[in-house]
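A structural walkthrough
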Amino acid sequence: MKKLYTLLSGLCLTLASTFALNAQEAVRERMIIYPKNGTPIGYWVDKTESVKFLTDTPDLGMNVTVSDPQAPKAGVRHLTIDFGVDVKKAKITFVEQFIFRGEIEKHTQEQLQRAFTMSQVHEIVPTGPKMEFDVSGLQQSYKYYALYYGLDEFGCASDIKFTPFEVPAAAPAGSPKITVAFPEITATKVKIKFTPNEDVSGYYFLVMPVEDPSREMMMKMMGIPDLKHYVQQFGYDFATHKEHKGTKESEVKDLASGVEYGVFLVLIDKEGQFGDVISTDKFTTKKLGTEKKANIVIEVAETTSNGVSILCKPDENTNSYRVCVAEKAKYNKAEVEKLLKEAPEMDPNFPFFSEQQKVSTGGLTPETEYLAIAMPRNAKKEWGDIVTVDFKTTAAATTTPAPQAKAINGLIPLQRDLASNSTEESAAKVMLQLSK
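Let me sum up the structure you'll find in this document. (Residues numbered from 1 in each chain as written. Predicted model: local features only at pLDDT ≥ 70, side-chain atom pairs only at ≥ 80, totals over all residues. Heavy atoms only, no water.)

Focus: the overall build of the protein
When helices and strands are tallied, the protein shows five helices and 23 strands. Looking at the protein residue by residue over its 436 residues, the buried ones come to 38%. A fraction of 72% describes how many contacts in the protein between residues 6 or more apart in sequence connect residues 24 or more apart. (Helix = DSSP H or I, 4+ residues; strand = E, 2+ residues; numbered from the N terminus. Buried < 20%, exposed > 50% of the residue type's maximum accessible area, 1.4 Å probe, protein only. Contact = heavy atoms within 4.5 Å.)

Remarks on the sheet that holds strand β19 (residues 357-361)
Within the open sheet, the three strands sit side by side as β16-β17-β19. Their pairing is antiparallel. What marks the edges here is a single partner per strand, and that holds for β16 (296-303) and β19. In this sheet, neighbouring strand axes are inclined to one another by 25° on average, regardless of whether the strands run parallel or antiparallel. As defined by bridge partners, strand β17 (residues 308-314) adjoins β19 across five bridges and the pair is classed as antiparallel. Looking at the pairing, Val-308 lines up with Thr-361 of β19. (Pairing = 2+ DSSP bridges. Axes fitted to C-alpha atoms, helices over the stretch in contact; angles between N-to-C directions.)

Quick word on the pattern of salt bridges
Once their charged atoms are close, side chains differing in charge can pair, the charge on each being opposite to the other. Summed over the entire model, instances satisfying the criterion amount to 20 salt bridges. Across the pair Asp-237 and Lys-248 runs a salt bridge whose closest N-O atoms are separated by 2.8 Å. Of this pair, Asp-237 sits in the loop between α4 (227-234) and β13 (248-252) while Lys-248 sits in strand β13, and the two are eleven residues apart along the sequence. Here Lys-330 and Glu-327 are joined by a salt bridge, their closest N and O atoms 3.7 Å apart. Judged by its relative accessible area of 65%, Lys-330 falls in the exposed class. Glu-327 gets classed as partly exposed once you look at its relative accessible area, which sits at 26%. Linked by salt bridges that have partners in common, Lys-189, Glu-251 and Lys-253 make up one network. (Salt bridge = Lys/Arg side-chain N within 4 Å of Asp/Glu carboxyl O.)

Structural notes on the packing of helix α3 (residues 215-222) against α4
At a closest axis distance of 11 Å, the pairing of α3 and α4 adopts a crossing angle of 75°. One way to sum up the angle between α3 and α4 is to call them roughly perpendicular. Of the residues in α4, those in contact with Arg-215, Met-219 and Met-222 of α3 are Leu-227, Tyr-230 and Phe-234. Here the contact of α3 with α4 is built from residues that sort into five nonpolar, no polar and one charged. (Parallel < 35°, antiparallel > 145°, perpendicular 65-115°, else oblique. Nonpolar A, V, L, I, M, F, W, Y, C, P; charged D, E, K, R; others polar.)

With respect to the sheet that holds strand β10 (residues 178-185)
Strands sit in the order β10-β11-β13 across an open sheet of three strands; the sheet is antiparallel. The open sheet terminates on both sides in strands that have one partner only, identified here as β10 and β13. On average, each strand axis in the sheet is inclined to that of its neighbour by 25°, with strand direction left out of account.

Things to note about the nonpolar core
Core analysis: the biggest nonpolar cluster contains 33 residues, and Leu-79, Ile-81, Phe-83, Ile-92, Phe-94 and Ile-124 have the highest contact counts within it. Elements represented by at least two residues in this core include exactly β3 (62-67), β4 (77-83), β5 (89-96), β7 (130-136), β8 (143-151), β12 (202-209), α4 and β14 (260-268). Listed in part, the 16 residues of the second largest apolar core include Val-180, Tyr-203, Val-252 and Leu-265. (Core = buried A, V, L, I, M, F, W, Y, C linked by side-chain atoms within 4.5 Å.)

Description of the environment of Ala-187
Inspection of the secondary structure puts Ala-187 in the loop between β10 and β11 (190-196). Ala-187 gets classed as buried once you look at its relative accessible area, which sits at 6%. Taking C-alpha positions, Ala-187 is 6.6 Å from Leu-288, a pair spaced 101 residues apart along the chain. Excluding anything up to four places from it in sequence, Ala-187 contacts Leu-255, Ala-256, Ser-257, Thr-285, Lys-286, Leu-288 and Glu-355.

With respect to the environment of Lys-270
Following the sequence through the fold, Lys-270 ends up in the loop between β14 and β15 (278-284). As for Lys-270 and Gly-202, which are separated by 68 residues in sequence, their C-alpha atoms are 8.6 Å apart. Beyond its immediate sequence surroundings of up to four residues, Lys-270 is in contact with Ala-173, Glu-198, Asp-199 and Ser-201. There is a polar contact of 3.2 Å between the side chain of Lys-270 and the side chain of Asp-199. (Polar contact = N/O pair within 3.5 Å; in protein donor to acceptor, adjacent residues only side chain to side chain.)

Side note on the layout of surface pockets
Here the second largest pocket is characterised by a volume of approximately 1,600 Å³. Along the walls of the second largest pocket sit 35 residues, with Ile-33, Ile-41, Gly-155, Cys-156 and Ala-157 positioned nearest its centre. Elements with a minimum of two residues in the lining of the second largest pocket: β1 (30-33), β2 (41-44), α2 (109-118) and β8. The element that contributes the greatest number of residues to the lining of the second largest pocket is α2, accounting for three residues. (1 Å grid on protein atoms, 1.4 Å probe; cavity = no way out; pocket = protein on both sides within 12 Å on 5 of 7 lines; lining within 4 Å. Points joined across faces, edges and corners; volume = space filled by probe spheres on them.)

This is the structure:
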C-alpha cells in the first residue's frame, strides 16, 4: 500500500510539472478590434474573460450652454450641462478656436480626441440630469470651444461635441504698467531695461521692426490669429521658458542697422489675465554703410564632413548682407543672385547679417564640393557683387548618414540658432467649480 501511494504521488507531480510546462509554452494570442473610424485597438486574449455585444442604444447625449456668471468676473463663464440618462461620467476641455483654423466641423473624432491630450481635461460625475458650473481662468476677449463627451458604465464614449463661445473683454485687475528704457543702442543690438509696477505679475515682449509687411503673412502661415498671440507665443523668457518677471535688463542682438524697431509688450495682471499689445516704445539702430558700392570678403574658417563655418568681413560701405551655401555642381549665378535680391526683407530662410560675423551650417554631404556665397548691399539698399569661395567637406567618420540640410531652391541658408518655443505659463489656470 505504501508503494502504491508513493507511485500515485510521483504520477501527480509529473502531471503537474507537465501542465505547468505546457502553460508556460502556450502562445499568447491578441484580439484586435478595428473601429469603423480610427486606430485599431489590441487586447491580450489571456487577460480577457469574455466578450459581450450589446445592441441597445444608450443615451449618452450631452448639451453645454455657456452664459454670463451670476457675479461677472474677468475670464469667468457659467456652464449649464444637460446629461443623457446613461451618462455615468463626462469629460470636458476648453480649446481656443484658432487652433482649429476655423474648420472644426471638418475634423474627425480622432482628431478632436487629440485636443484632450494637449489640454487640461476636467472630469465630471453627474449627480442628476442637469448640473451648473463656473469655469474660471479663461482669457478675456478670447474665443474658445468647449469640447465634451459622455461615457456609460462600461466606459463606452459618445461622439465628441463642441460648443463655441467667447469670453467678454474686461478691464485689468489694478493698474498694470511697465517702464521701458534703452541704456545702449548700436547698429546691431540694443539693451532694454524693463521696470514693471506691483500690479504686473509677468510680461511677454518681442523686439520687431515697426514697419514689417511680412509679419501678417508669417502669422497667417503659422495659424496665429493676432499680434497678441504672436507676442505671447514667442516673447517668453528663454532661460525659464515662462513669462518674464520683475525688473530686468535684456540684450537683443542681430538687429538690422538703420531700422526703427518697436518693443511689443503683453502685460499679465494680478489675476493672470493678458492685456492688449503695447507698442509705444521705439528706437532706431545706428546706420551702417555708405552710398558707395558695398563689398564683402568671405573665408571658410572650418569644414567638417557635414558642416562649414564661414567668416564674413563686410567693408565700411556695407549696410547688410546675405550668405548661403550651394553645391558647386548645381550653382547658377544668375538664379542665386535673383533669389538673394528678391527674397522678402524679413525672410527667415535668408536673413540679413550686419558687421563681421561667423556663421555656420550643418547637414551637408561628405566629400562634396560646395560654394560659400555672400552678397552685400549698401545704405541705399543697392546690391554689390556676389562673392563665392570654394570648399569641400571631409570624409565621414561613421557610416551612419547624418541628417541633410533643407535646401531652398538649391541654396542652403545659414541661420542663427533659435531657442525652443515650448513655454510654461504661470498665468491664469482654467478651473471648473460646481455652482448649483
